[in-house]
Amino acid sequence: MSTDQDLRKQISVRGIAQVENVANIKKDFNRHLHFSLIKDRNVATPRDYFFALADTVRDHLVSRWIRTQQYYYEHDPKRVYYLSLEFYMGRTLSNTMLSLGIQATVDEALYQLGLNIEELEEIEEDAGLGNGGLGRLAACFLDSMATLGIPAYGYGLRYEYGIFKQLIRDGWQVEEPDDWLRFGNPWEKARPEYMLPVNFFGRVVKDENNQSKWIDTTVVFAMPYDTPIPGFRNNIVNSLRLWSAKAENHFHLKFFNDGDYVQAVMDRNLTENITRVLYPNDNIFSGKELRLKQQYFLVAATLQDIIRRFKSSKYGVREAVRIDFDTFPEKVAIQINDTHPSIGIAELMRLLIDVEGLSYDRAWKITVNTFGYTNHTLLPEALERWPVSLLGNMLPRHLEIIYEINQKFLDEVGKKYPKDFDRLRRMSIVEEDGEKRINMAHLAIVGSHVTNGVAALHSRLLVETTFKDFAEFFPGRFQNKTNGITPRRWLMLCNSPLADLITSKIGEAWISDLSKLVELKKFDHDQDFLNSLEEIKGDHKLRVADFIKEEYDITINPNSMYDVHVKRLHEYKRQLLNALHVITLYNRIKADPSAKIVPRTIMFGGKAAPGYHMAKQIIKLINSVATVVNNDPIVGDKLKVVFIENYRVSLAEKITPAADLSEQISTAGTEASGTGNMKFMLNGALTIGTMDGANVEMAEEMGLDNIFIFGMRVEDVNELHAKGYDPKDFISKNKELAQIVEQIDTGFFTPDQPDLLKDVAAALHTNDRFAVCADYESFIKKQDEVSQVYLDRPKWLKMCLHNIASSGKFSTDRTISDYATEIWGITPNEIRLQPPYETPHAEEEKK
Ligand code: IMP
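Residue numbering note: each chain is counted from 1, following its sequence as written. Thresholds applied to this predicted model are a pLDDT of at least 70 for local features of residues and 80 or more for the giving and counting of side-chain atom pairs; totals over whole chains, interfaces and linings are not thresholded and use all residues. Side-chain numbers come from the whole structure's heavy atoms, not from hydrogens or water.

The name an unreviewed UniProt entry gives the protein chain is Alpha-1,4 glucan phosphorylase, with Panagrellus redivivus as the organism. UniProt positions are given in the numbering used here, feature names are shortened, and annotations may be inferred rather than shown by experiment. The record in UniProt for the protein chain states the following under Catalytic activity (unreviewed entry): "[(1->4)-alpha-D-glucosyl](n) + phosphate = [(1->4)-alpha-D-glucosyl](n-1) + alpha-D-glucose 1-phosphate". One UniProt comment on the protein chain, placed under Sequence similarities (unreviewed entry), says "Belongs to the glycogen phosphorylase family."

Here is the structure:
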């Protein structure tokens, strides 16, 4: 090994292997293979080895986990509860080793056992309990909360089937169920002893004191499963508690015959369906009864657990024999991830009034001061508005409470704005026009002390447009908390060579203070450093080329620009606009095969909601274009198009470090923040993007010289629509665009079925809601500029460096610190825990 490699090894994020610890890991691995998996090495499969390894690594969390939870009981700090219908965790094994700092030791142990750790890591199923950004944000938040020593709990649902597996068949998306638990989940611990009841349906009656009582309900049990969430090398392990639906055991029924009994047992499945499957919609409200059941199931079980913990805490007991609920908001902060858990506001009111016997006003004050609401979208089709009929049938007492909340709220609004009936109508939680509905965003704003958006632009639009009336009525209630990503998974884990290079230059402090990356700016004339950046990118690109060859039998040019557009398929994200660029390049090559062109590999990836027709059409279009482009000998390796099947967290970890260009091209004003944009920036890809979501702040951090911004700003989009947008005006003025729309319309890319994609063409020229045609020209011009800059290697690399160096703001450590101090009233980094005494082989380790 050369001296340089020696140095690399020493500073590696994987750490340094220690001989005694390697021996212990081997011992534990063999013990788990024998006692937990009950296999010997004659019959053990690679999956058995993965499970033996996962168990071995998990052992190192156990004492830390118990110690952390004991510490929370002994010191009774204020706790944060992050409620989310989605936690998009991905894989856990390598992240756990990274947090514990035992990667190099485990690598060495597995090597000595003759096993390939990378192969074993690939066996782990992604925990795909999320759709996209919102769910992944929740996962990054858990990582940062543990790393910052915040006494936090994630609460969600243990879906038996996560986000579907996407197959591409004949260019179309086909869905397969994600049976992720089939082989078991080594990270979870079931806690059947802490099961809690959740009530549905029934009716409300008044008792002798005119108090409402919810009776004749149907009971479902919520069984908790706990997953450890380790902080980064700080010995803190928080919990993620996911609930699973279990049918009640006590029928207390006398069955007339065997058939009735057997049927009753079989019907248990219907009840347990509540947590069967994740709804595969991103930014779309589907309004299904089962989805409302899921939402209530989550909050009803969680609030019982929170109150139980509050009551058993030292503080609750010490202050008064009778629990003093007025101190609840001093001890408990509940953050709701979008409106999905917002029925929790009515549930906490119900528990405080009906169960704990508090007055309405006391209960309301406690509720508002406890809840914080994060808004994730302004798209009208994503805003949750439950029909009163549906909600009232399933949760009659909650509907009653919501009416009361609304009445008192509108009374206050009426006092401030007498006779402004239109304002009252606009602000009402209960929508009266058409089918009566409960506007959950209104309930969430009224029922929490802070509402936040997820990027500066988004937060500004919230208070200036959709929730303008509320911002006027509640001055100071609206905040911004720009999203982030965890640098542990999205740099250290997915790009350890880059992480090591950074550490070799500026030390390790950046790992827990990402703003330190700014120190890299001083190396922008250091040719060796820039060469290393290029070398690292090149290695990742080769790996992705191998992957694409193996998966899709497509040969790509690793020297081409990797132009990557990966995210959920949605019209507002404008994969269609990018497809138009692909076709533009294709047409140009065909028109002049000898023209100089910067070779590109354009990669798309992302799932469409199964019921979203247009998104599925766009996938088919991309694949049809890919077939034509990739098989045209005139095109050769100047242009390749790849649709990456089943894009998910673990695939993002492979693709992000290999990207040269990141596509963030949503219509201005539609993407709340985006977080994929941040992952690419941190990994040294350049961004082509609109002034939308967090792109605006990225541009601000790195300067406009280091990002390719194009297209209409929010104000331009509004003006365009106000004037009456007709896409045909733009199509007729641009020859290239006109040709493309014609090609799609006449089936150029689907010659066997020329009418197949007519809907896409029609969307472009008659119903271009997201202004694809209006931004086309500006996009193409900017793409041409990207190609020119790509040829100027020194300039490109310097831009990459400035991207990395400017990405410090986009760590979830920063985001979470801001939530902690500005919403939850918690100071981060106050808890220090020592490594536990009883780690496996602690005595040996100490020697
Ligand atoms: P929970 O927070 O009540 O769900 O309990 C989680 C863990 O905290 C338990 O499994 C214990 O390890 C720890 N714990 C619970 N109650 C106490 C206590 O009274 N003192 C110290 N630790 C406790």
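## Side note on the sheet that holds strand β17 (residues 437-439)
As summarised here, the arrangement of the 3 strands in space is β15-β17-β16, forming an open sheet in which the pairing is antiparallel. Pairing within the sheet leaves two strands with one partner each, and these edge strands are β15 (385-387) and β16 (430-431). Note on pairing: DSSP must find at least two bridges between two strands before they are called paired. Going along the chain from the N terminus, every DSSP run of H or I of four or more residues is numbered as a helix, and every run of E of two or more is numbered as a strand. In this structure, β15 lies alongside β17, joined through 3 bridges in antiparallel fashion. Each bridged residue has a counterpart across the sheet, and for Pro387 the counterpart in β17 is Arg437.

## Side note on the pattern of salt bridges
What makes a salt bridge here is a side-chain nitrogen of Lys or Arg within 4 Å of a carboxyl oxygen of Asp or Glu, nothing more. Scanning the entire structure with this criterion turns up 59 salt bridges. As a salt-bridge pair, Asp305 and Arg241 come within 2.8 Å of each other at their nearest N and O atoms. You can see Asp305 sitting in helix α9 (residues 289-312) and its partner Arg241 sitting in strand β12 (residues 237-247), a full 64 residues away along the chain. For the pair formed by Asp305 and Arg241, the shared burial category is buried. With a closest N to O distance of 2.7 Å, Asp354 and Arg397 form a salt bridge. One end of the pair, Asp354, is in helix α12 (residues 343-355); the other, Arg397, is in helix α15 (residues 396-416), with 43 residues separating them in the sequence. What you see here is one network of salt bridges that share partners, running through Asp420, Asp422, Arg423, Arg425, Arg426, Lys468, Asp469 and Glu472. Summary of the burial criterion: residues with accessible area below 20% of their type's maximum are buried, those above 50% are exposed, and those between are partly exposed, where the area comes from a 1.4 Å probe applied to protein chains only.

## Side note on the pairing of strand β1 (residues 79-83)
The element β1 is extensively covered by neighbouring structure, given that 5 of its 5 residues are classed as buried. Both faces of β1 are covered, namely the face carrying Arg79, Tyr81 and Leu83 and the face carrying Val80 and Tyr82. Sheet topology places β1 next to strand β13 (residues 332-337); 5 bridges connect them, and they run parallel. The residue bridging Val80 from the neighbouring strand is Ala333, located in β13. Two strands pair when backbone bridges link them, and β1 and strand β4 (residues 152-157) are joined in this way by 4 bridges, in the parallel orientation. Directly across from Tyr81, in β4, lies its bridge partner Tyr153.

## Focus on helix α2 (residues 19-36)
In a helix, the anticipated span is given by 1.5 Å times the number of residues less one. Over its 18 residues, α2 extends 25 Å from the first C-alpha to the last, a length consistent with the 26 Å expected when each residue adds 1.5 Å. Buried within α2 are the following residues: Asn21, Val22, Asn24, Ile25, Asp28, Phe29, His32 and Leu33. Trailing α2 by a residue or two, Ile38 shows a phi angle of about 55°, which is positive.

## Brief notes about the site of the ligand
Around the ligand, the structure places Gln69, Gln70, Tyr73, Arg308 and Arg309. Under the rule applied, a polar contact is a pair of N or O atoms within 3.5 Å (in protein, one hydrogen donor and one hydrogen acceptor; residues adjacent in sequence only if both atoms are side-chain atoms). Contacts to the ligand include Tyr73, whose side-chain N or O atom sits 2.4 Å from an oxygen atom. At 2.7 Å, a side-chain N or O of Arg308 approaches an oxygen atom of the ligand. Residue-level accessible areas treat just the shown protein chains as cover; the underlying method is Shrake-Rupley with a 1.4 Å probe. Taken by itself the ligand offers 480 Å² of open surface, and the protein chains cover 60% of this. Looking at the shell around the ligand, the elements that each hand over two or more residues are α3 (46-75) and α9. Among the elements that make up the shell around the ligand, the one with the highest residue count is α3 (3 residues). Counted by class, the shell around the ligand contains 1 nonpolar, 2 polar and 2 charged residues. Near is defined per residue: the residue qualifies when any heavy atom it owns lies within 4 Å of the molecule or strand. The residue classification treats Ala, Val, Leu, Ile, Met, Phe, Trp, Tyr, Cys and Pro as nonpolar and Asp, Glu, Lys and Arg as charged. All others, Gly included, are polar.

## Focus on empty space enclosed by the protein
A cavity, in this analysis, means grid points on a 1 Å lattice covering only the protein atoms where a 1.4 Å probe fits yet has no way out; a pocket is instead an open set bounded by protein on both sides within 12 Å along at least five of seven lines, and a residue lines either one if it has an atom within 4 Å of a point. Grid points are joined across faces, edges and corners, and a volume is the space filled by probe spheres set on the points. Here the structure, examined in full by the defined rule, presents 10 cavities of 30 Å³ or more. Counted as a void, the largest cavity has a volume near 820 Å³. Lining the largest cavity are 50 residues, and of these Asn131, Gly132, Gly133, Leu134 and Asp282 sit closest to its centre. Looking at the lining of the largest cavity, the elements with two or more residues in it are α7 (133-147), α25 (649-655) and α26 (676-682). Broken down by class, the residue content of the lining of the largest cavity amounts to 17 nonpolar, 20 polar and 13 charged. The space that makes up the second largest cavity amounts to roughly 270 Å³. Elements with a minimum of two residues in the lining of the second largest cavity: α3, β2 (87-90), β3 (127-129), β11 (218-230) and β12. With 3 residues, α3 is the single largest residue contributor to the lining of the second largest cavity. Grouping the constituent residues of the lining of the second largest cavity by class yields 14 nonpolar, 5 polar and 5 charged.

## What about the environment of Tyr161?
Turning to its location among the elements, Tyr161 is positioned in the loop between β4 and β5 (165-169). Measuring from C-alpha to C-alpha, the distance between Tyr161 and Lys809 comes to 35 Å, with 648 residues separating the pair along the chain. Should any heavy atoms of two residues lie within 4.5 Å, those residues are counted as being in contact. If sequence neighbours within four positions are ignored, Tyr161 has contacts with Pro177, Asp178, Asp179, Trp180, Arg276, Val277 and Leu278.

## Quick notes on the side chain of Arg158
With respect to the secondary-structure elements, Arg158 resides in the loop between β4 and β5. For Arg158, the side chain forms a polar contact with the side chain of Glu188, separated by 2.8 Å.

## Quick notes on helix α13 (residues 360-370)
Owing to its 3.6 residues per turn, the α-helix aligns residues three or four sequence positions apart on the same side. By the burial criterion, the buried members of α13 are Tyr360, Ala363, Ile366, Thr367, Val368 and Thr370. For α13, the secondary structure elements touched by its buried residues are α11 (328-331), β13, α12, β14 (371-374), α15 and α17 (440-446).

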